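Descriptive structure summary
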Protein chains: 2
Amino acid sequence: MVYTSESIEKMVDLFASLPTIGRKTAQRITYHLLRQQPEQLDKFSSAFQGLKMNIKYCSVCFNYTETDPCPICSSQRRDTSIICVVEEPNDVLAIEKTNEFRGSYHVLHGILNPLEGIGIEDIKIRELISRLTEVKEVILAINPSVEGEVTIQYLARLIKPLEVKITRIARGIPVGASLEFTDEATLSRAIESRIEVG
Amino acid sequence: MVYTSESIEKMVDLFASLPTIGRKTAQRITYHLLRQQPEQLDKFSSAFQGLKMNIKYCSVCFNYTETDPCPICSSQRRDTSIICVVEEPNDVLAIEKTNEFRGSYHVLHGILNPLEGIGIEDIKIRELISRLTEVKEVILAINPSVEGEVTIQYLARLIKPLEVKITRIARGIPVGASLEFTDEATLSRAIESRIEVG
C-alpha cells in the first residue's frame, strides 16, 4: 500500500480524467501546484467557479458566452446574413483566429451519429433553421469525417427548399504541406475543387 | 481581435501555466470541461481548496501530509533507524511504489545550487542533521545531476563525523535497457559498481 494523502489523490484523479493528461503527468502537475503560493490554488479554484457561474449558451448562435446575445451576435460590424455552421464552440475560436470571416456563427454542439444515438433533436438543427429568415448564405464548416459528411448532406437537403445559398469549406492540401505526403482522398478532393488561376 | 469570454480565457491561461500543458492543450481541456456537468467543475474547485487547506509538511520528514506526523513517520511498521533522503515529495511516491523500502524518509525540498542561489539554509539540511541521533543509515536517493552530486558530497561530509553509515542509490543500467544504447558515463558507473554473482 502506497501512502499518499487523500487531497493529493483526489486532485491527481481529476487531472488524469482530462483529455491528453495521463496519470504520471497528473501527478507531476499536482506536485507542481503544491510548490506554488496558496493564492495560486485559489486562482484555480475560482476560475472553475467562474466557468460554472458565468458561461452560458448564446441564445442566437449557441456559442459559449458571458453576455446574451454573445459579443459576435450583438456586434454591429458582423454580417448576420452569412451564418457559418460549426460542430463545437472551439471551432468558432479557430475560425475567429484567421481574422478572415466577418459573418456570424451557429454552433450545433455535435454532429449526427446514428451509431451513438445522436439524432436531429440532440443537436441545434431546429434552432439553425429558425434563424434562416433573412440569411443569404450558410457555410457548413463541419469536420470532413464520415459523420460530418452525413450531417452536411442532411443539412443541405433541409436548407435547400429555403432558397439559401449553401457552401462548405474547401478540402485540399494544407498550406505548407507537400503533394507527396498528402493522402489520396485529400489529393483527389483538391484536384476536384481546383480553381482557375489569373 | 478574437472574441472569447474572460472566464474561458482565465481558465486557459491557468492551465497553460502548468508543466507539460501548452496553450492549445489548455484550450482543449477548458472546452472539454465546459461540456461536463457543472458538478464536475465544483469537484475541481473544491479539490484545489482541499490541496490548499489540508496539505502541510510533516514536521519530521517534511513530506506533504494531512496528518502530522505523516502516516509513514507515525507507522509502527517502518524502521526509523534508516532514513532515505530525497529532493522532492514526488520522489517519496516513486520509492514507495517499489514496495521495497521499509525505512523512513527525509525530503530536502530542493538541492544545493549556488548558481541559482540555493544554499544550505534554503533546503531541509539542518532538520535532517537534527534527526540523526538514533539513526544507523542514511541513504542518499538524490538525482545524479551536477547539483545532485554537490549535494551528495556536502551531506556526506556533514554526516560522516556523526558515525552514521552513508549510502547512495546505485547508478547503473536501467532494467530492460541494453548496453548498446546506454551512455558512457552510466556504463562506466555500472562497471565501477559491479557486484559479485553467486
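Residues numbered from 1 in each chain as written. Chains lettered and ligands numbered in written order. Predicted model: local features only at pLDDT ≥ 70, side-chain atom pairs only at ≥ 80, totals over all residues. Heavy atoms only, no water.

Here we look at the overall build of chain A
Tallying secondary structure elements over chain A gives seven helices and six strands in all. Relative to its length of 198 residues, chain A is extended, with a C-alpha radius of gyration of 22 Å against a globular reference of 16 Å. On the principal axes, the C-alpha backbone points of chain A span a range of 65 × 45 × 40 Å. The burial tally for chain A puts 43% of its 198 residues in the buried class. Summing over all exposed atoms, chain A offers an accessible surface of approximately 11400 Å²; the carbon and sulfur share of this is 53%. Of the charged side chains in chain A, 23 are positive and 27 negative, and the gap between their average positions amounts to 3 Å. (Helix = DSSP H or I, 4+ residues; strand = E, 2+ residues; numbered from the N terminus. Rg over C-alpha atoms; globule rule 2.2 N^0.38 Å. Buried < 20%, exposed > 50% of the residue type's maximum accessible area, 1.4 Å probe, protein only. Areas by Shrake-Rupley, 256 points an atom, 1.4 Å probe, with all protein chains shown as cover. Lys, Arg positive; Asp, Glu negative; His and termini not counted. Charge placed at Lys NZ, Arg CZ, Asp CG, Glu CD.)

Things to note about the sheet that holds strand E5 (residues 137-140) of chain B
Residues and elements named next belong to chain B. Read from one edge of the open sheet, four strands run E4-E3-E5-E6, paired in parallel fashion. Looking along the sheet, the strands with just one partner apiece sit at the ends: strand E4 (103-107) and strand E6 (165-168). Direction aside, the axes of adjacent strands within the sheet are offset by 25 degrees on average. Where E5 meets E6, four bridges bridge the pair, whose relative direction is parallel. (Pairing = 2+ DSSP bridges. Axes fitted to C-alpha atoms, helices over the stretch in contact; angles between N-to-C directions.)

Points about the interface of chain A and chain B
Taken together, the contact pairs 54 residues of chain A with 54 residues of chain B. In this assembly, chain A packs against chain B so that about 5400 Å² is buried in total across both faces, 70% of it on carbon and sulfur atoms. For the pair chain A and chain B, the number of links is three salt bridges. As a salt-bridge pair, Glu88(B) and Arg35(A) come within 4.0 Å of each other at their nearest N and O atoms. At the junction of chain A and chain B, the tally comes to 15 residue pairs in polar contact (both at pLDDT 80 or more). If you list the elements that add at least two residues to the side of chain A that touches chain B, you get helix H1 (6-16), helix H2 (23-34), helix H3 (38-54) and helix H4 (89-98) of chain A. (Contact = heavy atoms within 4.5 Å. Buried area = accessible area lost by both parts, 1.4 Å probe. Salt bridge = Lys/Arg side-chain N within 4 Å of Asp/Glu carboxyl O. Polar contact = N/O pair within 3.5 Å; in protein donor to acceptor, adjacent residues only side chain to side chain.)

Brief notes about the environment of Asn90(B)
Topologically, Asn90(B) is positioned in helix H4 (residues 89-98). Along the primary structure Asn90(B) and Cys58(B) are separated by 32 residues, whereas in three dimensions their C-alpha atoms are 14 Å apart. Excluding its chain neighbours within four sequence positions, the residues that come into contact with Asn90(B) are Tyr31(A) and Arg35(A).

Focus: the nonpolar core
Formed by 40 residues in total, the largest nonpolar core has its most connected members in Phe15(A), Leu33(A), Phe48(A), Phe15(B), Leu33(B) and Phe48(B). For this core, the elements supplying multiple residues, two or more each, are H1, H2 and H3 of chain A together with helix H1 (6-16), helix H2 (23-34) and helix H3 (38-54) of chain B. (Core = buried A, V, L, I, M, F, W, Y, C linked by side-chain atoms within 4.5 Å.)

Let's talk about the domain arrangement of chain A
Once the domains are mapped, chain A shows domain 1 (6-54) and domain 2 (77-168). Using only C-alpha atoms to locate each centre, domain 1 of chain A and domain 2 of chain A end up separated by 35 Å. (Domains from an automatic or database assignment.)

Remarks on the sheet that holds strand E3 (residues 79-86) of chain A
Two strands in a sheet stick together by hydrogen bonds in their backbones, pointing the same way (parallel) or opposite ways (antiparallel). All names here are of chain A. Strand order in this open sheet of four strands is E4-E3-E5-E6, and the pairing throughout is parallel. Each edge of the open sheet carries a strand with a single partner, namely strand E4 (103-107) and strand E6 (165-168). Neighbouring strand axes in the sheet, compared pairwise and without regard to direction, differ in orientation by 25 degrees on average. Pairing analysis gives five bridges linking E3 to E4, with the strands arranged parallel. Bridge pairing in E4 links Val-85 to His-106.

Things to note about the pairing of E4(A)
Summarising burial for E4(A): five of the five residues are buried, a large majority. Following the chain from E3(A) across H4(A) to the adjacent parallel E4(A), one finds a crossover that is right-handed. (Right-handed = clockwise from strand over helix to strand, strands pointing away.)

Digging into the packing of aromatic side chains
Throughout the structure, instances matching the rule amount to 16 aromatic pairs over all chains. Between Phe44(A) and Phe48(B), the aromatic rings sit 4.8 Å apart at their centres with planes inclined by 10 degrees, giving stacked as the arrangement. Here Phe44(A) is found in helix H3, whereas its partner Phe48(B) is found in helix H3 on a different chain. Take Phe44(A) and Phe48(B): they sit in the same class, and that class is buried. Between Tyr64(A) and Tyr31(B), the aromatic rings sit 5.9 Å apart at their centres with planes inclined by 25 degrees, giving stacked as the arrangement. Here Tyr31(B) lies in helix H2 and Tyr64(A) lies in strand E2 (residues 64-65), a pairing that spans two chains. (Phe/Tyr/Trp six-rings, centres within 6.5 Å; stacked < 30°, edge-to-face > 60°.)

Regarding unusual backbone geometry
Residue and element names in this part refer to chain A. Here the amide bond leading from Asp-68 into Pro-69 is cis, since omega sits at 0 degrees, within 30 degrees of zero. Inspection of the secondary structure puts Pro-69 in the loop between E2 and E3. Although it is not a glycine, Phe-62 adopts a positive phi angle of roughly 65 degrees. Within the secondary structure, Phe-62 sits in the loop between strand E1 (56-57) and E2.

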